[in-house]
Amino acid sequence: MFHGASPMIVPVPSSRSESLRPGLAIVPAGPSDHVAVYCFLNSVFGAPSQPEFRASLEMPDYRPADRLLVKEAGRIVGHVQVLNRMCSLESIRLPVAQLDWLSVAPKLQGQGLGARLVRMAESQMIRNGAVIGWIRTAAPEFFGQLGWADCAEHGWSCGAPHRVLRALIEQGFPVSGRRAKLHIRPWLVWETATLARLYRQGLEGLWGPFQRSEAYWHWLVHRQAFGQLYVAIDGPEMIDMDQRKAPVVGYVVSKGERIIELVTQQAKPDVAAMLLTRICHDAIEAGRCRVLLDVPSSNGLHQVFAKAGGRCCDYALPWEETVMARVLQPLALMRGMRPILEARAVAAGLPARFRLGILVGSKRYRLSRSDASISVTQRKATRHTVQLTRAGFTQMLLGRLDWEEAIADGHAAPQTPEAECLARLLFPAVPFWKPHLDDLKRDDENPY
């Protein structure tokens, strides 16, 4: 992502094919480049801090070669990092990758070098098997010109903590006194595996969250980029070694006034309310005038903020970076989605046999259903074809396409009513969320 990017340091993609000028070379980083990478990033962004950079090197499965460097006479003048991930798309798991710390030395900006770095990173993502590329960026126009599409779902609420507490009481949630067998406390180190399980179970059915192994969770919590991490315990209040057996039924991660992540076991609304209560009490104690809730838009706590007279918005926070995506291997992605597409066809009562063509630039794809099985091929489109821009194609596959808006804006053009009906039923909008916890950076003061 462009961390702290401003217009003066955003590279501009060239309209022609980018080529490196003499004396420049793009090479994978090695362990000996780490100090130089740290110094270069600080020269451009004033970040990361030393603890944050050290933590990034300790990330599970980190490889120095996943950083691409532009070097001139042995000095780093450009950098991008590829983070390899697994992503949840409803019931399936697919390999994806994320771009981070894209940067170009000020003297070389505006020469297409940033675009060349992105293209090289995309090629590396594909070699690593990724079918989708993700990025959080403050420069969406730059990535939009390179074929990336805005895929964010903006769902956040803001309210005064004392009013939120009052709304919880009015809706019958316990916010004061003691409730038997349930209390909130800071997490303990041996609960990392439980956090991993809750996260996995609590985000079922959503599109967008990265998979987190227990090793990744261990790194994530010890990185300490957040402010507080509380767990909800269904057990005794006293903390002792016997609590290794006490079930954790929810957790909340906050940073300052913002709730970064809140996950509970399903069918336990009281747990979410108690976790929110603890954050509101902390906010009042710290003298904060508001609490920001950043959780999936389907979360019922948004209704609590609305009842409290807070703001519930579907647009990006002013300081929030844009989540963008690029489909790197469309055929592999659509074939991976076949169980989802078949389930949608059954739910919609579609015929046992149909064909839907998809046209994206010069690329033609065909979805065919025969004998209750969907196949995806790359061949001449059929009569029932929908034509899409590259951005519209990405948003359609990832469940982020607003069909009415896309058709009005020219991002989608069904050639027949049947094609439009099939496309809408097979590729509807879906619940989407990319948690911020994965991308939080430590705020340690940088001495340089």
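Look up a bit, the structure's there.
Thresholds applied
Residues numbered from 1 in each chain as written. Predicted model: local features only at pLDDT ≥ 70, side-chain atom pairs only at ≥ 80, totals over all residues. Heavy atoms only, no water. Axes fitted to C-alpha atoms, helices over the stretch in contact; angles between N-to-C directions. Helix = DSSP H or I, 4+ residues; strand = E, 2+ residues; numbered from the N terminus. Parallel < 35°, antiparallel > 145°, perpendicular 65-115°, else oblique. Left-handed = near helix turned anticlockwise from the far one by under 90°. Contact = heavy atoms within 4.5 Å. Nonpolar A, V, L, I, M, F, W, Y, C, P; charged D, E, K, R; others polar. Pairing = 2+ DSSP bridges. Phe/Tyr/Trp six-rings, centres within 6.5 Å; stacked < 30°, edge-to-face > 60°. Buried < 20%, exposed > 50% of the residue type's maximum accessible area, 1.4 Å probe, protein only. Lys NZ or Arg CZ within 6 Å of the ring centre and 35° of its normal. Salt bridge = Lys/Arg side-chain N within 4 Å of Asp/Glu carboxyl O. Expected span 1.5 Å × (residues − 1).

Participant: Whenever I open this one, the packing of helix α5 (residues 161–170) against helix α8 (residues 269–285) confuses me. Can you help?
Facilitator: Each pair of packed helices can be described by the angle between their axes along with the distance between the axes. Packing of α5 against α8 leaves a shortest axis separation of 9 Å and a crossing angle of 150 degrees. Taken together, the axes of α5 and α8 are roughly antiparallel relative to one another. Crossing of α5 against α8: the hand is left-handed. Between α5 and α8, the contacting residues are P161, H162, V164, L165 and L168 on the first element and A273, L276, T277, C280, H281, A283 and I284 on the second. By residue class, the composition of the contact of α5 with α8 is nine nonpolar, three polar and no charged.

Participant: Looking at this model, I keep getting lost on the sheet that holds strand β20 (residues 412–414). Mind explaining?
Facilitator: What holds strands together in a sheet is hydrogen bonding between their backbones, with the strands either parallel or antiparallel. Reading across the sheet, the five strands line up as β18-β17-β16-β19-β20 and stay open at both edges, with mixed pairing between neighbours. Two strands close off the open sheet at either side, each with one partner strand: β18 (374–377) and β20. Direction aside, the axes of adjacent strands within the sheet are offset by 15 degrees on average. In terms of strand pairing, strand β16 (residues 354–360) meets strand β19 (residues 385–388) through four bridges, oriented parallel. Note that in β19 the partner of G357 across the bridge is T385. On top of the sheet, helix α11 (residues 338–348) reaches β16, β17 (363–369) and β18; it is set at about 130 degrees to β18, its chief contact. Contacts from helix α14 (residues 417–426) reach β16, β17, β19 and β20, with the element oriented near 85 degrees to β16.

Participant: Would you take a moment to explain the packing of aromatic side chains for this structure?
Facilitator: Each aromatic ring pair is summarised here by two numbers: the centre-to-centre distance and the angle between the ring planes. Evaluated as defined, the whole model comprises nine aromatic pairs. Taking 5.5 Å as the distance between ring centres and 40 degrees as the angle between the ring planes, the aromatic pair formed by Y216 and W219 counts as tilted. Within this pair, Y216 and its partner W219 are both found in helix α7 (residues 214–223), separated by three residues, close to a single helical turn. A single burial state applies to Y216 and to W219, both of which are buried. The side chain of R212 reaches across the aromatic face of Y199, ending 3.9 Å from its centre.

Participant: Help me out: how do you make sense of the packing of helix α1 (residues 34–45) against helix α2 (residues 50–57) in this one?
Facilitator: In contact at an axis separation of 11 Å, α1 and α2 are set at 135 degrees when each is read in the N-to-C sense. Between α1 and α2, the angle is such that the two are oblique. For the pair α1 and α2, the sense of crossing is right-handed. When α1 is examined against α2, the residues H34, V37 and Y38 are found in contact with a partner set consisting of Q50, F53 and L57. Taken together, the residues of the contact of α1 with α2 break down into four nonpolar, two polar and no charged.

Participant: Please clarify how the pattern of salt bridges should be interpreted in this entry.
Facilitator: A side chain of one charge can pair with a side chain of the opposite charge if their charged atoms are brought near each other. In total, this model carries 17 salt bridges according to the counting rule given. Across the pair K71 and D33 runs a salt bridge whose closest N-O atoms are separated by 2.9 Å. In this pair, K71 is assigned in strand β2 (residues 67–72) and D33 in the loop between β1 (24–28) and α1, connecting sequence segments 38 residues apart. Assessed through its relative accessible area of 22%, K71 is described here as partly exposed. Between E420 and R424 there is a salt bridge, with its nearest N and O atoms 3.0 Å apart. Residue E420 and its partner R424 are both found in helix α14; the two are separated by four residues, about one turn of the helix. The class of R424 is partly exposed, set by a relative accessible area of 27%.

Participant: I would appreciate a short explanation of helix α3 (residues 113–127) in the present structure.
Facilitator: Count 3.6 residues to each turn of an α-helix, and residues three or four apart come out pointing the same way. End to end, α3 covers 21 Å across 15 residues, agreeing with the expected 21 Å (1.5 Å per residue, within 8%). Residues of α3 that are buried include every one of L113, G114, A115, L117, V118, A121, E122, Q124 and M125, and no others. Of the residues flanking the end of α3, it is G129, one or two places downstream, whose phi is positive at about 95 degrees.

Participant: Is there a simple way to think about the side chain of S368 in this case?
Facilitator: Position of S368 relative to the elements: it lies in strand β17. Here S368 is in contact with F354, R355, S373, I374 and S375, once residues within four sequence places are set aside.

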